[in-house]
Amino acid sequence: MLEADVAIVGAGAAGLSLAHRLAGPGSGRRVPSVALVEAPPGPLRPPRRTWCFWEAGPGRFDAAVTASWRRLRVRDRAGRPIHGDIAPLRYKMIRSDDFEYLVARDLAGHDGVRRVEGTVDAVEDVPGGALVRLRDGDGNARVVRARWVFDSRPPGSLPAARTTLLQHFHGWFVRTARPAFAPATAELMDFRTPQPADGLSFGYVLPLGRHDALVEYTEFSPRPLTPDAYEAAVRHYTDDVLRLGDLEVLSTETGVIPMTDAEMPRRTGRSVFRIGAAGGATRPSTGYTFAGLQRQTRAVADALRQGRRPEPPPAHSARSRAMDAVLLRALAGGRADGPALFCRLFDRVPMRRLLRFLDGDTRLHEDLAVGLHAPVGPMLRSALELPGLPRRPYEGP
């Protein structure tokens, strides 16, 4: 039996971020010992993926940042551009391989963190802590005992909710024969894509150079697409909308992110907590998760170092979650025209302020000012409808 003060289950963005914070310098009385439990190579490990977020100035993980931008653009369905300079913020992109390398480098040789590879079968409370039961690569049973366990694995099912949409996407890292991209500007939402019957869709372009970029097709809708449909959607966007011409697909990424007003439980036992997307770090209205999980893991690390109960805090305020519930209801019910709504917000609200709003970093009067630029009628009807709606188990894919 391996014993530690803290066991972290899962080595994705949340698990690695918490381990990195606990191993790094910080204030407090003590540095807890950590067991980081990660899945063996195979289907339980997530594929390569990209995380994006915005922040002002230098950040903790800048060494892993692939690229960043201070200028963003949104296009309406007719192609009209809406430009924004978000300085002093920067929109940053991190690829999971680079993030994992950075964390592994910083953890190497740190005696307080042990990495354990295995498939977790169960996490259970016991007097004075919790046990993580797992099987190693040879099928042998192992046990990690810890005072506190932080589980970052995706939940097996979503909690009951009044509204659940999916943000699902498929992207290509491309290299074009001609210089097709403007490296200084990221295309945040391009609504020149065919719109689905339920929800909305948009293109997304993160340029890495004149010839290189991540190009994605994204939908907010109830159901994901088939692999062939995703490929066709990205091909249509690159060929018929962007007109990139000859290109090489270097790699691909696909993802599905729940956008839900469900209450995501952050505590599942006396000594067991959930962090990351499983612990509500995803902003329901946008699908962005990286910044929220950083707030959670920073608070947990501070509590552990100071000897306080390390229950992860909500990544987003109650006011932000209430506004998101209204927006999701308006989109899911077809009351709000999604492309028109987002274009109107980006057109009428300074982009830097809107990003701060989307990250929950605005005050009440700023939230009200942003809300006045949304379609008041659909939002008000959705807000009045919500209290009477039951929370139902999610039955989608």
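Since this is a predicted model, take the numbers as computed values, not measurements. (Residues numbered from 1 in each chain as written. Predicted model: local features only at pLDDT ≥ 70, side-chain atom pairs only at ≥ 80, totals over all residues. Heavy atoms only, no water.)

The subject of this paragraph is the overall build of the protein. Looking only at helices and strands, the protein has nine helices and 17 strands in total. Relative to the globule expectation of 21 Å for 397 residues, the C-alpha radius of gyration of the protein, 22 Å, shows essentially globular dimensions. Overall, the C-alpha framework of the protein stretches about 60 × 55 × 40 Å when taken along its three principal axes. Put simply, the protein has 397 residues, and 51% of those count as buried. (Helix = DSSP H or I, 4+ residues; strand = E, 2+ residues; numbered from the N terminus. Rg over C-alpha atoms; globule rule 2.2 N^0.38 Å. Buried < 20%, exposed > 50% of the residue type's maximum accessible area, 1.4 Å probe, protein only.)

Residues Tyr91 and Leu206 are the most contacted members of the largest nonpolar core, which totals 46 residues. Here this core takes six residues from helix 5 (residues 318–332), the largest share from any one element. In contact with Leu206, other than residues within four places in its own chain, are Cys52, Trp69, Tyr91, Met93, Ala186, Ala213 and Leu214. Counting 34 residues, the second largest nonpolar core, distinct from the first, contains Leu18, Ala19, Leu22 and Ala301. (Core = buried A, V, L, I, M, F, W, Y, C linked by side-chain atoms within 4.5 Å. Contact = heavy atoms within 4.5 Å.)

This next bit is on unusual backbone geometry. A cis amide bond, omega 10°, links Ala87 with the succeeding residue Pro88. With respect to the helices, strands and loops of the structure, Pro88 is situated in the loop between strand 6 (81–85) and strand 7 (89–95). In the Ramachandran plot, Arg243 falls in the positive-phi region, its phi being about 55° despite a non-glycine side chain. Positionally, Arg243 belongs in the loop between helix 3 (227–241) and strand 16 (247–260).

Taken together, the side chains of Arg147, Arg267, Arg270 and Arg309 present a region of like positive charge at the surface. Residue classification places Arg270 among the exposed residues on the basis of a relative accessible area of 52%. (Patch = residues over 30% accessible without salt bridge, like charges linked within 9 Å, V, L, I, M, F, W, Y side chains within 5 Å. Areas by Shrake-Rupley, 256 points an atom, 1.4 Å probe, with all protein chains shown as cover. Salt bridge = Lys/Arg side-chain N within 4 Å of Asp/Glu carboxyl O. Lys, Arg positive; Asp, Glu negative; His and termini not counted. Charge placed at Lys NZ, Arg CZ, Asp CG, Glu CD.)

A few words now on the sheet that holds strand 16. Overall, mixed pairing links the seven strands, which are arranged 6-5-13-14-15-12-16 in an open sheet. What marks the edges here is a single partner per strand, and that holds for strand 6 and strand 16. Pairwise comparison of adjacent strand axes, ignoring direction, gives a mean angle of 15° for this sheet. Both strand 14 (residues 200–207) and strand 15 (residues 212–221) contribute to a ladder of eight bridges, which runs antiparallel. In the strand pairing of strand 15, Val205 is matched with Val215. Contacts between helix 5 and the sheet are confined to strand 12 (164–176), strand 14 and strand 16, with strand 12 contributing the most and set at about 85° to the helix. (Pairing = 2+ DSSP bridges. Axes fitted to C-alpha atoms, helices over the stretch in contact; angles between N-to-C directions.)

As a further point, take the sheet that holds strand 3 (residues 50–56). Reading across the sheet, the three strands line up as 3-7-4 and stay open at both edges, with antiparallel pairing between neighbours. With partners counted over all chains shown, the strands left at the sheet margins are strand 3 and strand 4 (65–69), one partner each. Sheet twist, expressed as the mean angle between neighbouring strand axes with direction ignored, is 25°. Here strand 3 pairs with strand 7 via seven bridges, running antiparallel. Bridge pairing links Glu55 to Arg90 in strand 7.

Now for a nonpolar patch on the surface. The grouping of Val376, Leu380 and Leu384 at the surface amounts to a nonpolar patch, some 320 Å² of accessible area in total. Along the chain, Val376 turns up in helix 9 (residues 376–385).

In this section: helix 1 (residues 13–23). Given 3.6 residues per turn, any residue in an α-helix points the same way as the ones three and four places further on. The element helix 1 is largely enclosed, with a buried count of 11 among its 11 residues. Along helix 1, the residues that are buried comprise Ala13, Ala14, Gly15, Leu16, Ser17, Leu18, Ala19, His20, Arg21, Leu22 and Ala23.

Okay, the side chain of Glu187 next. Within the secondary structure, Glu187 is located in strand 13 (residues 185–190). Side-chain polar atoms of Glu187 contact the side chain of Arg73, separated by 2.9 Å. Here Arg75 takes part through its side chain, which lies 3.1 Å from a polar atom of the side chain of Glu187. (Polar contact = N/O pair within 3.5 Å; in protein donor to acceptor, adjacent residues only side chain to side chain.)

Time to look at the packing of aromatic side chains. Evaluated as defined, the whole model comprises 15 aromatic pairs. Relative to Phe99, the ring of Trp51 lies with its centre 5.4 Å away and its plane at 85°, an arrangement referred to as edge-to-face. Of the two residues, Trp51 is situated in strand 3 and Phe99 in helix 2 (residues 96–107); the sequence distance between them amounts to 48 residues. A relative accessible area of 15% places Trp51 in the buried class. Phe99 gets classed as buried once you look at its relative accessible area, which sits at 0%. Between Phe99 and Phe290, the ring centres sit 5.8 Å apart and the planes meet at 80°, which makes this aromatic pair edge-to-face. In this pair, Phe99 sits in helix 2 while Phe290 sits in helix 4 (residues 290–305), placing the two residues 191 residues apart along the sequence. (Phe/Tyr/Trp six-rings, centres within 6.5 Å; stacked < 30°, edge-to-face > 60°.)

Contact geometry of helix 5 with helix 9 gives a least axis separation of 8 Å together with a crossing angle of 110°. In terms of their interaxial angle, helix 5 and helix 9 are classed as roughly perpendicular. Two secondary-structure elements touch here, helix 5 through Val326, Leu327, Arg329 and Ala330 and helix 9 through Pro378, Met379, Ser382, Ala383 and Glu385. When its residues are assigned to classes, the contact of helix 5 with helix 9 shows six nonpolar, one polar and two charged. (Parallel < 35°, antiparallel > 145°, perpendicular 65-115°, else oblique. Nonpolar A, V, L, I, M, F, W, Y, C, P; charged D, E, K, R; others polar.)

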